[in-house]
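Fold and contact review
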Amino acid sequence: KNISSIIVDNFFEFMVLELKKLNNIKISAFGTFKIVKKKERIGRNPKTKLEAKICARKVVKFKPSIIFKNKLNN
């Protein structure tokens with residue numbers, strides 16, 4: 001591996017470790033990553049209409065910064 005791929009791998013590994021601790025990660029001029037806890041709920045298969053339980057889980061949410069949004073929309 002070259003040095004840039006090692007740096008990127010370490011960065012993402014650090015992000016995963018921090019998110020597991022339920023810490024928010026804010027990257028200036030880019031956005032914020034945070035963990036959101038989803039409750040257990042009933043879902044439905046649209047094809048068969050069978051109901052199934054969707055277990056409680058944690059998901060990562062990303063909220064882009066205003067600077068990032070502006071660059072995307074220009």
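The rules behind the values
Residues numbered from 1 in each chain as written. Predicted model: local features only at pLDDT ≥ 70, side-chain atom pairs only at ≥ 80, totals over all residues. Heavy atoms only, no water. Pairing = 2+ DSSP bridges. Helix = DSSP H or I, 4+ residues; strand = E, 2+ residues; numbered from the N terminus. Axes fitted to C-alpha atoms, helices over the stretch in contact; angles between N-to-C directions. Contact = heavy atoms within 4.5 Å.

Time to look at the sheet that holds strand β5 (residues 57–64). Pairing in this open sheet of three strands is antiparallel, and the strands run β1-β2-β5 from one edge to the other. Strand pairing shows two members of the sheet lacking a second neighbour, β1 (25–27) and β5, which therefore form its edges. Pairwise comparison of adjacent strand axes, ignoring direction, gives a mean angle of 25° for this sheet. Two elements, β1 and strand β2 (residues 31–38), share three bridges in a ladder whose sense is antiparallel. Within β2, the residue paired with I27 across the bridge is G31.

Inspection of the secondary structure assignment puts E18 in helix α1 (residues 3–20). In this structure E18 touches N23 and I25, once residues within four positions along its chain are discounted.

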